[in-house]
Amino acid sequence: MKTFSTHLNGRVYSCARCNSNIAQQGDVISKRYEGTSGPAYLFHNVVNVECLAPKLAILWSGQHSVSAIKCKVCQTDLGWKYVKVCSPSQKHKKEKSTDCDSALIPL
């Protein structure tokens, strides 16, 4: 089965494994995040990802409901998407995605 992916224009971040476009440079909210495996980015919008079932996770900023996200093309783990945040001070993260630095390459 052929997997169709969205192609983004301009400067983009892509999957380090298959080069599928994941986000545009303008969608970066922060480059100062820490993922479970190291430095990460917080994105406003991502494409070509598959969201898994949400689960509760204890992160640096508290308990949140998150969905793991994988590259839709090659299934590489990319990070997670905040589904629900439990603290009002973290509400800016809801529906945003955190992708691990090591899983992305800037193009």
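Since the model is a prediction, treat every value here as computed from it, not as a measurement. (Residues numbered from 1 in each chain as written. Predicted model: local features only at pLDDT ≥ 70, side-chain atom pairs only at ≥ 80, totals over all residues. Heavy atoms only, no water.)

A. Just the overall build of the protein chain, in detail. Scanning the protein chain for helices and strands turns up zero helices and 10 strands. For the protein chain, the N- to C-terminal ordering of α and β elements is β-β-β-β-β-β-β-β-β-β. Counting across all 107 residues of the protein chain, residues that qualify as buried make up 43%. Taking the intrachain contacts of the protein chain between residues at least 6 apart in sequence as the baseline, contacts between residues at least 24 apart amount to 42%. Of the roughly 6400 Å² that the protein chain leaves accessible, carbon and sulfur atoms contribute 52%. (Helix = DSSP H or I, 4+ residues; strand = E, 2+ residues; numbered from the N terminus. Buried < 20%, exposed > 50% of the residue type's maximum accessible area, 1.4 Å probe, protein only. Contact = heavy atoms within 4.5 Å. Areas by Shrake-Rupley, 256 points an atom, 1.4 Å probe, with all protein chains shown as cover.)

B. The packing of aromatic side chains, seen in detail. According to the stated counting rule, one finds four aromatic pairs in the structure shown. Residues Y41 and F43 carry aromatic rings whose centres are separated by 5.9 Å and whose planes lie at 70° to one another, so their mutual orientation is edge-to-face. Judged on exposure class, the residue Y41 and its partner F43 are both buried. Linked through ring pairs, Y13, Y41 and F43 together constitute an aromatic cluster. (Phe/Tyr/Trp six-rings, centres within 6.5 Å; stacked < 30°, edge-to-face > 60°.)

C. Examining the pattern of salt bridges more closely. Counted according to the given criterion, the structure contains one salt bridge. K70 serves as the salt-bridge partner of D77, at 3.1 Å between the closest nitrogen and oxygen. (Salt bridge = Lys/Arg side-chain N within 4 Å of Asp/Glu carboxyl O.)

D. Spotlight on the side chain of T76. In this fold, T76 is placed in the loop between β7 (62-71) and β8 (77-85). Not counting the four nearest positions on each side in its chain, T76 is found in contact with C15, R17, I69, K70 and C71.

E. Quick peek at the confidence of the model for the protein chain. Looking at the protein chain, pLDDT values average 81 and 74% of them are 70 or higher. Per-element mean pLDDT across the protein chain ranges from 62 in strand β9 (residues 97-100) up to 94 in strand β2 (residues 21-24). (pLDDT = per-residue confidence, 0-100.)

F. Structural context of the environment of V47. When you line up the elements, V47 lands in the loop between β4 (38-43) and β5 (49-51). As a C-alpha pair, V47 and A23 span 24 residues in sequence and 6.3 Å in three-dimensional space.

G. Here's a closer look at the nonpolar core. Counting 13 residues, the largest nonpolar core has I22, F43, V46, V49 and L78 as its most contacted members. Put simply, the parts of the chain that give this core at least two residues each are β1 (12-15), β2, β4 and β7. Ranked by size, the runner-up nonpolar core spans seven residues in total, among them Y33, A57, W80 and Y82. (Core = buried A, V, L, I, M, F, W, Y, C linked by side-chain atoms within 4.5 Å.)

H. Main features of unusual backbone geometry. A positive phi angle, near 70°, is found at N19, a position not held by glycine. The residue N19 is located in the loop between β1 and β2 in this model. Residue N48 is not a glycine yet carries a positive backbone phi of 60°. If you trace the backbone, N48 turns up in the loop between β4 and β5. Judged by its relative accessible area of 4%, N48 is buried.

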